[in-house]
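# Secondary and tertiary structure notes
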Amino acid sequence: MANRERVLITGAAGFLGSHLCDRFIAEGYHVIGMDNLITGDLRNIEHLFHLEQFEFYNHDVSKFVHVSGDLKYILHFASPASPIDYLKIPIQTLKVGSLGTHNLLGLAMAKKARILVASTSEVYGDPTVHPQTEDYWGNVNPVGPRGVYDEAKRFQEAMTMAYHTYHGLETRIVRIFNTYGPRMRLNDGRVLPAFMGQALRGEDLTVFGDGSQTRSFCYVADLVEGIYRLLKSDCVDPVNIGNPGEITIAQFVEEIIKLTGTDQKVVYKPLPLDDPKQRQPNISRAKSLLGWEPQVGREEGLRITWEYFKSLPKERLYEEAHHRDFQKD
Ligand code: UDP
């Protein structure tokens, strides 16, 4: 058996985690995937189970994490990641970003591994600086519906930086902006699967608010490339990874209507509390330090994603966004 370097990926059965598993296996690593499957889905990594360079543990990283053997890298991607999830499982969201991060930092110390943690554009909250640069400190409501995610991720960054400065641990922090692509969870409330699911089920497309809020959508392969480069770099400060192509949600729904050919109408629903009005990454740091910028335009990325959703068995369109049974602690 080849003597492969070993990497632990938490949230391995999730949208981003599963793509990272694929990438690290393709790069010749032995991948240890971990997920408690509250929002993750084993169907995202089913194709890896027959590989000897992949193993999987069903474990909640908010509890003590043990992995035997060496680890070269840890990538911490376990977390609920949609506003609907934060409402349903707020305490788990807080715990995985805080306690989970602490456990993994401890594991990284024990293994002398380099750790990369998944942070988010949500650390900027409803930003008053536009586009968002890494030195902007954000505008977050700690007690609003998104606070459980935003503050856990802000704590995660602080904790990670403290382990770097106090213990000399090798750490990396990626601030991920809205990302899309195959394996996004249908029916988790995020705007792209919402619109594509509605088009496939023949339902009206729901725009929240008047649709004037903006987002900047990055295709998943670009994100994975940025994360891979950041991990290998010597950049300890947080780095934005996202696609600066900004559009309003009103424009976005029109693009989806055109792509899917749906003849359903657009209906307007109330804007959720604390929904950020604008969001666009400034990616100068990623460009200069990692030589990274996105390669996949929205037209191409949306087409690939639409093909994926169309290829799913019909019954999946009607599945509830599942949350595996979990203890409410
Ligand atoms: N949104 C929408 N219709 C939906 C779901 C979301 O108009 O069915 C809006 C939502 O209010 C937000 C944007 O789309 O302004 C992106 O929402 P998402 O939950 O995907 O991500 P986030 O708000 O965390 O960026």
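Placed above this text is the structure.
Below: a short report on this structure.

Reading the values: the criteria
- Residues numbered from 1 in each chain as written.
- Predicted model: local features only at pLDDT ≥ 70, side-chain atom pairs only at ≥ 80, totals over all residues.
- Heavy atoms only, no water.
- Helix = DSSP H or I, 4+ residues; strand = E, 2+ residues; numbered from the N terminus.
- Rg over C-alpha atoms; globule rule 2.2 N^0.38 Å.
- Contact = heavy atoms within 4.5 Å.
- Areas by Shrake-Rupley, 256 points an atom, 1.4 Å probe, with all protein chains shown as cover.
- Lys, Arg positive; Asp, Glu negative; His and termini not counted.
- Charge placed at Lys NZ, Arg CZ, Asp CG, Glu CD.
- Axes fitted to C-alpha atoms, helices over the stretch in contact; angles between N-to-C directions.
- Left-handed = near helix turned anticlockwise from the far one by under 90°.
- Nonpolar A, V, L, I, M, F, W, Y, C, P; charged D, E, K, R; others polar.
- Pairing = 2+ DSSP bridges.
- Buried < 20%, exposed > 50% of the residue type's maximum accessible area, 1.4 Å probe, protein only.
- Near = heavy atom within 4 Å.
- Polar contact = N/O pair within 3.5 Å; in protein donor to acceptor, adjacent residues only side chain to side chain.
- Expected span 1.5 Å × (residues − 1).
- Arc of directions from axis to C-beta.
- Phe/Tyr/Trp six-rings, centres within 6.5 Å; stacked < 30°, edge-to-face > 60°.
- Lys NZ or Arg CZ within 6 Å of the ring centre and 35° of its normal.
- Salt bridge = Lys/Arg side-chain N within 4 Å of Asp/Glu carboxyl O.

### Details of the overall build of the chain
The secondary structure content of the chain amounts to nine helices and 13 strands. At 19 Å, the chain has a C-alpha radius of gyration in line with the 20 Å of a compact globule built from 329 residues. Considering only C-alpha atoms, the chain reaches an extent of 55 × 45 × 40 Å along its principal axes. By sequence separation, contacts in the chain at least 24 residues apart represent 82% of the contacts at least 6 residues apart. Accessible surface computed for the chain: about 14,400 Å², of which carbon and sulfur atoms make up 53%. In the chain, the 37 positive side-chain charges and the 42 negative ones have mean positions that sit 2 Å from each other.

### Points about the packing of helix α5 (residues 191-201) against helix α7 (residues 249-260)
It is at 10 Å that the axes of α5 and α7 come closest, and there the two elements cross at 40°. The chirality of how α5 crosses α7 is right-handed. Residues Val191, Leu192, Phe195, Met196 and Ala199 of α5 touch α7, and the partners they reach there are Ile249, Phe252, Val253, Ile256, Leu259 and Thr260. Tallied by class, the residues present in the contact of α5 with α7 amount to 10 nonpolar, one polar and no charged.

### Topic: the sheet that holds strand β6 (residues 171-176)
Taken together, seven strands build an open sheet; the order of strands is β3-β2-β1-β4-β5-β6-β11 and the sheet is parallel. Across the chains shown, the open sheet's two edge strands, defined by having one partner strand only, are β3 (54-58) and β11 (239-241). The mean angle between the axes of side-by-side strands here comes to 20°, regardless of whether they run parallel or antiparallel. Looking at chain direction, strand β2 (residues 30-35) and β3 are connected through five bridges and run parallel. Paired with Asp35 across the strands is Asn58, a residue of β3. Helix α3 (residues 90-111) contacts β1 (6-10), β4 (73-76), β5 (114-120) and β6 of the sheet and is inclined by roughly 180° relative to β4. Seen against the sheet, helix α6 (residues 220-232) touches β4, β5, β6 and β11 and runs at an angle of roughly 160° to β6.

### Observations concerning the pairing of β5
The buried fraction of β5 amounts to seven of the seven residues, a majority that puts the element mostly inside the structure. Here β5 shows a buried face lined by Arg114, Leu116, Ala118 and Thr120 and a second buried face lined by Ile115, Val117 and Ser119. Sheet topology places β4 next to β5; four bridges connect them, and they run parallel. Counterpart to His76 in the pairing with β5 is Val117.

### Some details on the site of the ligand
Near the ligand lie 18 residues; those nearest to it are Thr206, Phe208, Arg215, Asp275 and Arg279. Take Val191: an N or O atom from its main chain is 2.8 Å from an oxygen atom of the ligand. At 2.9 Å, a side-chain N or O of Gln213 approaches an oxygen atom of the ligand. Burial of the ligand by the surrounding chains reaches 97%, relative to a free accessible area of 520 Å². In terms of residue class, the shell around the ligand is built from eight nonpolar, four polar and six charged.

### Here we look at helix α9 (residues 298-311)
Taking 1.5 Å of rise per residue, the 14 residues of α9 would be expected to cover 20 Å, and the 20 Å separating its terminal C-alpha atoms lies within 8% of that figure. Residues of α9 that are buried include every one of Gly301, Leu302, Thr305, Trp306, Tyr308 and Phe309, and no others. Across the axial projection of α9, the buried residues extend over an arc of 160°, all falling on one side. In this structure, α9 carries Glu299 and Ser311 as exposed residues pointing more than 90 degrees from its buried face. Close packing links the buried residues of α9 with β7 (179-180), α5, β10 (218-219) and α7.

### A word on the packing of aromatic side chains
Counting across every chain of the model gives 12 aromatic pairs. Between the aromatic rings of Phe49 and Phe54, the centroid separation amounts to 5.5 Å while the plane-to-plane angle is 80°, which identifies the pairing as edge-to-face. Using a relative accessible area of 6% as the deciding quantity, one classes Phe54 as buried. Among the aromatic residues, those joined into a cluster by ring pairs are Phe24, Tyr29, Tyr73 and Tyr228. The ring of Tyr228 carries the charged tip of Arg23 above its face, separated from the ring centre by 4.3 Å.

### Description of the pattern of salt bridges
This model, assessed by the stated rule, comprises 26 salt bridges. Residue Lys63 pairs with Asp60 through a salt bridge whose shortest N-O separation is 3.8 Å. Taking relative accessible area as the criterion, Lys63 reaches 42% and is therefore assigned partly exposed. What makes Asp60 partly exposed here is its relative accessible area of 22%. Glu151 serves as the salt-bridge partner of Arg154, at 3.7 Å between the closest nitrogen and oxygen. Here the residue Arg154 and the residue Glu151 both occupy positions in helix α4 (residues 147-167), the gap between them amounting to three residues, near one helical turn. Note on Arg154: relative accessible area 31%, which makes it partly exposed. What makes Glu151 partly exposed here is its relative accessible area of 25%. When salt bridges with common partners are traced through the structure, they connect Glu122, Arg146, Arg215, Asp275 and Arg279 into a single cluster.

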